[in-house]
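Descriptive analysis of the structure
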There are 2 protein chains.
Amino acid sequence: MINYTDTLRKHNLKATPQRIAIVDALFLNGHVSTESLYSIMLEKFSSISLATIYKNINLMLENCLIYEVKLPHAKSVYELTKSSHSHLLCKKCGNIEDVDINLETLVDKISKITEFQIDKTDFVLSGNCKNCHSF
Amino acid sequence: MINYTDTLRKHNLKATPQRIAIVDALFLNGHVSTESLYSIMLEKFSSISLATIYKNINLMLENCLIYEVKLPHAKSVYELTKSSHSHLLCKKCGNIEDVDINLETLVDKISKITEFQIDKTDFVLSGNCKNCHSF
DNA sequence: TACATAAAGAATAATCTTTATCTATTAAGT
DNA sequence: ACTTAATAGATAAAGATTATTCTTTATGTA
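Below: a short report on this structure.

**Concerning the protein's contact with DNA strand C**
Lining the immediate environment of DNA strand C, one finds 20 residues, of which Arg9, Ala15, Tyr54 and Asn58 of chain A together with Thr16 of chain B sit closest. For DNA strand C, the fraction of atoms within 4 Å of the protein that belong to sugar or phosphate moieties is 79%. One nitrogen or oxygen atom from the side chain of Arg19 of chain B is found 2.9 Å from a phosphate oxygen belonging to DNA strand C. At 3.4 Å, a backbone N or O of Ser49 of chain B approaches a phosphate oxygen of DNA strand C. Those elements that provide at least two residues to the surface near DNA strand C are α4 (50-62) of chain A together with α2 (17-29) and α4 (50-62) of chain B. Of the residues contributing to the surface near DNA strand C, the split by class is seven nonpolar, seven polar and six charged.

**Remarks on the side chain of Thr121 of chain A**
With respect to the helices and strands, Thr121 of chain A occurs in strand β5 (residues 117-128). Owing to a relative accessible area of 15%, Thr121 of chain A belongs among the buried residues under this scheme. Discounting residues that sit within four places of it in the chain, Thr121 of chain A has contacts with Ser84, Leu103 and Val107 of chain A together with Phe123, Val124 and Leu125 of chain B.

**A closer look at the pattern of salt bridges**
Residue and element names in this part refer to chain A. If you walk through the whole model with that rule in mind, you get 14 salt bridges over all chains. Between Lys82 and Asp98 there is a salt bridge; the shortest N-O distance is 2.6 Å. A residue pair is termed long-range when its members are at least 10 positions apart, and Lys82 in the loop between β2 (77-80) and β3 (86-90) and Asp98 in strand β4 (residues 96-99) qualify at 16 residues. Take Lys82: its relative accessible area is 39%, and that puts it in the partly exposed class. Asp98 gets classed as partly exposed once you look at its relative accessible area, which sits at 32%. Ionic contacts of the salt-bridge type, sharing partners, join the residues Glu79, Lys82 and Asp98 into one network.

Quick notes on the rules
- Residues numbered from 1 in each chain as written.
- Chains lettered and ligands numbered in written order.
- Predicted model: local features only at pLDDT ≥ 70, side-chain atom pairs only at ≥ 80, totals over all residues.
- Heavy atoms only, no water.
- Near = heavy atom within 4 Å.
- Polar contact = N/O pair within 3.5 Å; in protein donor to acceptor, adjacent residues only side chain to side chain.
- Helix = DSSP H or I, 4+ residues; strand = E, 2+ residues; numbered from the N terminus.
- Nonpolar A, V, L, I, M, F, W, Y, C, P; charged D, E, K, R; others polar.
- Buried < 20%, exposed > 50% of the residue type's maximum accessible area, 1.4 Å probe, protein only.
- Contact = heavy atoms within 4.5 Å.
- Salt bridge = Lys/Arg side-chain N within 4 Å of Asp/Glu carboxyl O.

Read these as spatial facts, not as claims about activity.
Below, the structure written as structure tokens:
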């Protein structure tokens, strides 16, 4: 398991074993919901409190270590903060994938038309993944 | 006030005064959260139950009369179902605007690259609206 | 227009979900 | 090793959503 002590400290968070394991779980699983993170954590820390999960998710959100991805017709999932990207959601199997789409030109155009200063996008594309539509 | 009896019936919903008022509130306000819908409704129906709001929102969602817009760092809002469009969110004043962006070419491209069959997009662009950045 | 009936509304209880509180423990700097 | 502020766990509290029960009502039919 990678040591995320520095990562946590850089985000003004004490490096507790629980937090290191949370970051590791996000790294390994990519996109994780609150309750799924709780069950993952229970395997390593049999007496971890659900409140600890919530508290740390909120702290990590505030310190921009993780990001919340809001999905249509599903609960939010959390991911480690990366450079801006979009998400693919399979409506059948629930799988979530990152996808890099260059939205710069598009956003510039919309910015001009709407007179909005846009500095962030949340883009989720839903459908069926390769496995779920090829049979 | 427009009579939404037919609209409701077309979506397999009985046209009760409460439901007509909900549809009207969404039409007039564009994007409404649960609690804000509740306060709007309380003005017309002083004894309406919050459970009625939730029940009807869910029924209208199931019957595709309304759509849930999930926003970053904010509670969901609901809108009357329209043709596919994106949303602009002002991070300062909280204002939400619809914006028509033709994503077809983009989505086709991504579909080919990722081998996902994409049939829906949820696109929220966040920033500052005209009023909030021009002063 | 009145009737029958399934559905909806209001009130409220019950069930999540999330946050707050309190105490014992621990990370991290000295 | 020692000190201190922050964290974890346990649990209560608060907030959000759903379920239940009973009364009322929309709507199709006679």
